[in-house]
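Results of the structural survey
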Amino acid sequence: MRLPLAIASLVVLIVHGVVFRNQFFHEWERHQAAYYEQARSMSKNDRERVELEARAPRIEQVIVTSFGDTRVDRCTTCHMGADDPRFAGHAEPLKAHPYSEATGDVQRNGRWERRHKFSDFGCTVCHDGQGRGLDTFYSHGEDEFWPEPLLGYVTQPNWRKDFGPKLKGREYMEANCAQCHTQEDFAGTPHVNRGRKLFYAMNCYGCHKIDGMSEGTLGPDLTEAGKKFKVDYLWESIVEPRANLATSFMPDFHLNQADVESLVIFLKSRRGVNFAETSLDRYKAHVANVAVVIPPGTAGEKAGEQLLGDRACTACHKLGDRDGGIAPDLSYEGLIRDDAWLGDHFLNPRSRVPDSIMPAFRFPADDFQKLSAYLESLKTPPAAADARTTFTNLCARCHGEKGDGNGKVAWYIDPSPRDFTKQGFLASKPRTRFIASIQEGVGGTSMPPWKRILKDDQISGVLDYVVQDFAKEPFKELKARNIPDENPVASSPESIAHGERMFLLRCTGCHGRKADGKGPNSLDILPHPRNFRNHWFVESVPDRRLFESIQYGVQGTAMPSWIDTFTPNDVGDIVNFIRSLQNARK
Amino acid sequence: MKVAPRSHDKQLLTEDAQMPRRRLLTWLSSFGLFASVILAAVSDWLFFKPRVTYGPNARFAIGKPDDFPPGTRIARDVERVCIVREGNKIAAISTTCTHLGCIVGIADTGFACPCHGSHYDQDGNVTGGPAPKPLPWFQVTLAPNGDIVIDKNSSVDPGTYLTV
Amino acid sequence: MSTPTQEPRTALATLRELPQNVWNSIFRNPLPSTDLERASTSFTNFFLHIHPVKVNRNTLRPAYTMGLGLIATFLFVILVFTGVLLMFYYVPSTTQAYDRMLDLRGTVAFGIFLRNMHRWSAHGMVAIVFLHMCRVFFTGGYKKPREFNWVLGVLLLLVTLFLSFTGYLLPWDQLAFWAITVGTSIAGYAPLIGKQMQFVLLGDTTVGQEALLRFYVLHVAVLPSVLVLLMAIHFWRIRKDGGLSRPEKAASPAPDAGVVKLKKIYGLQGFVRGPFTKLGNVPDDSVYSWPNLLMAELFVFVLTISLILVVSLAFNAPLEQPVNVMHPPNPAKAPWYFLGLQELVSYSAFWGGIGIPGLMVAVLFLVPYIDRTTHGVGKWFAKERLLANTIFLTMVILNIIFIVIGTFFRGPNWTFVSPF
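1. Notes on the overall build of chain C
For chain C, the count of helices and strands is 14 helices and two strands. Every one of the 420 residues in chain C was classed for burial, and the buried ones make up 46%. Intrachain contacts of chain C at a sequence separation of at least 6 include 79% that bridge at least 24 residues. Surface exposure of chain C reaches about 22300 Å², of which carbon and sulfur atoms provide 71%.

2. Here we look at the domain arrangement of chain A
Residues and elements named next belong to chain A. Segmenting chain A into domains produces domain 1 (27-99 + 116-150), domain 2 (164-289), domain 3 (304-376), domain 4 (387-471) and domain 5 (493-585). In this structure, domain 3 and domain 4 have C-alpha centres spaced 22 Å apart. When domain 3 packs against domain 4, the two sides together hide about 1500 Å² of surface, and 56% of this comes from carbon and sulfur. Summed over the three residues of domain 3 that lose the most area to domain 4, namely Ile326, Leu335 and Ile336, the buried surface amounts to 32% of that side. Remark: the boundary between domain 3 and domain 4 carries two salt bridges.

3. Observations concerning the sheet that holds strand β7 (residues 119-120) of chain B
Taken in spatial order, the four strands of this open sheet run β5-β6-β7-β8 (chain B), and their pairing is antiparallel. Since the sheet does not close on itself, it has two edges, and those belong to β5 (105-107) and β8 (126-128) of chain B, each with one partner.

4. Observations concerning the packing of aromatic side chains
Inspection of the entire model under this criterion finds 51 aromatic pairs over all chains. Centre to centre, the rings of C:Phe74 and C:Phe301 are 5.1 Å apart; their planes meet at 70°, and the pair counts as edge-to-face. Note that C:Phe74 is positioned in helix α4 (residues 68-87) and C:Phe301 in helix α11 (residues 289-314), a separation of 227 residues in sequence. A centroid spacing of 5.4 Å and a plane angle of 85° characterise the contact between C:Trp172 and C:Phe177, whose relative ring orientation is edge-to-face. Note on accessibility: C:Trp172 and C:Phe177 belong to one class, buried. Members of the aromatic cluster, connected to one another through ring pairs, are A:Phe199, A:Tyr200, A:Tyr205, A:Phe266, A:Phe346, A:Phe361, A:Phe363 and A:Phe368. Positioned above the aromatic ring of A:Phe425 is the side chain of A:Arg418, whose terminal nitrogen or guanidinium carbon lies 4.0 Å from the ring centre. Lying across the ring of B:Tyr161, B:Lys89 places its NZ or CZ 4.7 Å from the centre.

5. As for the interface of chain C and chain A
At the interface, 28 residues of chain C touch 25 residues of chain A. Summing the contributions of chain C and of chain A, the shared interface buries around 2300 Å²; its carbon and sulfur component is 76%. Ranking the residues of chain C by area buried against chain A places C:Arg105, C:Phe110 and C:Phe299 at the top, with a combined share of 24%. Summed over the shared surface of chain C and chain A, the result is three salt bridges. The residue A:Arg132 makes a salt bridge to C:Asp99 at a minimum N-O spacing of 3.5 Å.

So, how was this worked out
Residues numbered from 1 in each chain as written. Chains lettered and ligands numbered in written order. Predicted model: local features only at pLDDT ≥ 70, side-chain atom pairs only at ≥ 80, totals over all residues. Heavy atoms only, no water. Helix = DSSP H or I, 4+ residues; strand = E, 2+ residues; numbered from the N terminus. Buried < 20%, exposed > 50% of the residue type's maximum accessible area, 1.4 Å probe, protein only. Contact = heavy atoms within 4.5 Å. Areas by Shrake-Rupley, 256 points an atom, 1.4 Å probe, with all protein chains shown as cover. Domains from an automatic or database assignment. Buried area = accessible area lost by both parts, 1.4 Å probe. Salt bridge = Lys/Arg side-chain N within 4 Å of Asp/Glu carboxyl O. Pairing = 2+ DSSP bridges. Phe/Tyr/Trp six-rings, centres within 6.5 Å; stacked < 30°, edge-to-face > 60°. Lys NZ or Arg CZ within 6 Å of the ring centre and 35° of its normal.

Next comes the structure, spelled out in structure tokens:
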């Protein structure tokens, strides 16, 4: 027992010794010693030298109370030369903090005077980082648990490696300048300004709310985005919206790196706090219903055109030579939609296309009128062309160049554009149905009526092209199916109740408990299960089609045939139930 | 033939023969533990001694020399110091009364303490009242960036000025 | 010794003799060199009063107890010492606590090391008291006359857990805040009194400044006092029960490793079982507490502290992001000793959080009153106690399994993840 005791005692002693030693060889003491030594060699007289020699290494700190919670900044413990102009050329950490006119420093009597004195501001107000830390790892915020790493200098180990280089750069600090310097075009924050302009120009304002700037409700509130999130998260949210939330429908705006950087810096500056304003100002801004302040254009259709540009509609839509690549092409809107449709759609897009992701902008009614008038004026049809060209110019945006439903904007459209390569689907429907779909459009969806743009023979030609090139098989003779033209079961409360029970038993896995097409299986299915609350669509479809879909399934989709499960009466009840949902909506 | 006892076979060793080893181990243990206790005690003392305090800094800048024209005699109550400039010489005199710590005010003849009636002359020497010592003068230096820096942790002899 | 004739004493003589007199007034008995002196240490020294004069040889066998109870006690001592030191810098305020933790880590001399010691000792103590409970169970140390001591032990276990829980909140970082949010929510599920209990514990409906203050007071004042009190009774009971449990028939005498040879046997003070002193026959397989028990304790202490020191040097206690009441981490996990509970709670809030644990604790309390057999005491896994040992071992292993699942196999949204 004595031997282990002796060993353990020595271990105790050794650990004590190691710990003791560790506490006396701090990084910062070395830096301070280096500073004093060099300052001594630079001193101009003996008195200075003596004073410097008398100073023992100690922790230097600045306590800042004017900017929110008390900050204790100990950065100058290592960065001893920060306010010593003689160290301008040294290496970090002794290097003097640069002076520049950009940060408001002035030259007086041949020497620089700092505008933002360290004794007033400390360091972390501008740089972020951890003021209380005393070694590089903690004080620079390299610890992944610290919410505010040094802006533009530090990346944390758990950040994505490919983002690393993009998140470094002095310009990131502008986000903190903007905490006080909130003017829109402040010269010292060009990236923040640019980011702000992009926030409007790329139509972020439509979905996202920032207090005092916008009112969007479809996306998260970004008023405090800079306070809540680090720059890597902000970057990722812009370039890969679905990285952190798989069900996000935020579009991918395909921004270049400079744009993303400006937006990130702008968002990082949104800390929900402005040290330069009073609480009263903040309160006023918060309660004011600030509409987007963009100067209106001139009168008439020109006004509408101007508005369309200023309101950044082409951040998503296509018009003329601008194309956001996210929403339908508006070039022929006057030939497609009427005033009533446009009016309803502007006020609330989901009143016409229930699963649309377009934000409901809160412009003044006057603006909507001007915009509608302008869109209604777009009545020039495209030049007549062959079927293939017509398809490419008019249909491929949604349906895809290869007709597989994978067009540029297909992901953003619900219900999804039809996949024409599904030969089974095309073959199971009569040609007349497709002609009707193209001519009249499909209610409640983004498929518009083309009859005022394409003549009958053009439509016919496009259909043939689709069948030949995508479905690759000519229409076959359809087998006769025993489907009633009208629902033989009369609608009654009992029928509807029974239909609902059947629905809840069998249909909710895909169509959802609310019959809105959002059942648990729907995430994996394309095309999505039908949303039966889309009354524009359901009312445009005769009973016959509902019967056919339920009993025989819909080939080319995940809808199976239920003819062996439901009796015709059951199906009739279900159809009554589905119809009843449309009344409930009204 | 006498075989030397094998040291690893304890049972062959007599109790006496084990003693050196035992003593060594005991000594090692005692030394280890005793030294650890000393180190621990020293460490704990150092632990208790704060390395930072959260009050105002003892060493602070008060501005540039131009901010204090010649003839200035201005008391800064927050920092408890009186800045004096005569010509091109600057000094900092403490305004904490050496009696029991009240803040002295500037009077015509120097300084006067409202608490117990201590009086000082212009240079902080005691002229009346219960104050036991003159007001200390603090070290005044010129920082590299041009600021006047006062260090309340360093006292200098009265009459020591910074020449700017 | 006869009193020397009184001579006029000079002041100088008094001064010269001062140190010796001071020393002699404190240490009135010589360091023991005879058996009588060894025996009397238990009566002449305040601190050694806690020891019996003699202990059974079995008690000192490392393989028997593994010193677990001692380790737990020493860990507690370390915790109190480091805890009090930390109290000189910590402030239980929601706005200051985290900053103080940063200062302890960054600027206070040895702050980071002391905090590490405190944290690892705390985790160690929870684990060790649990193991100690297992040891006592598996050696049948709860049987008559030791039933109440077992009950005290279970109480000590609960107080230890509560101590660890209250301390867990104090850093006021995301880890602490949400772990305690989860933990106190489980408490709210108790029937009838749950919500009231939670409200009183937190001082508010949610974890905030009130909860921090209450947990702080509990952690530094109330619970340590309760623990010390219970420990004192626990040790008293050990003495009154005649020492630690041991086999009925003495095993063949253990080898003399570390045992001082007895030249004479004193029957003066035998074991004290019950409230009265027993004189006369003293069992042969006992040894003097001085120095054997003391050496054993010293050894365990040095071993414990050396382990704690090494671990504290090697591993830093965690400090995560400052509290953000709007953003729970995903997943938000309770401290490890409650993760088994949290795993169960993910199946059923009441049964997992209150029902099953409550049942388990109730059974623990009643163990000595359920098992009234008297055989199989004093050895590990006695064959006669197969049933009891199997049941207990199963519960222990299940507990560990749940804790392991909760720790390694649960990820965001409490879904199963692979730790590899």
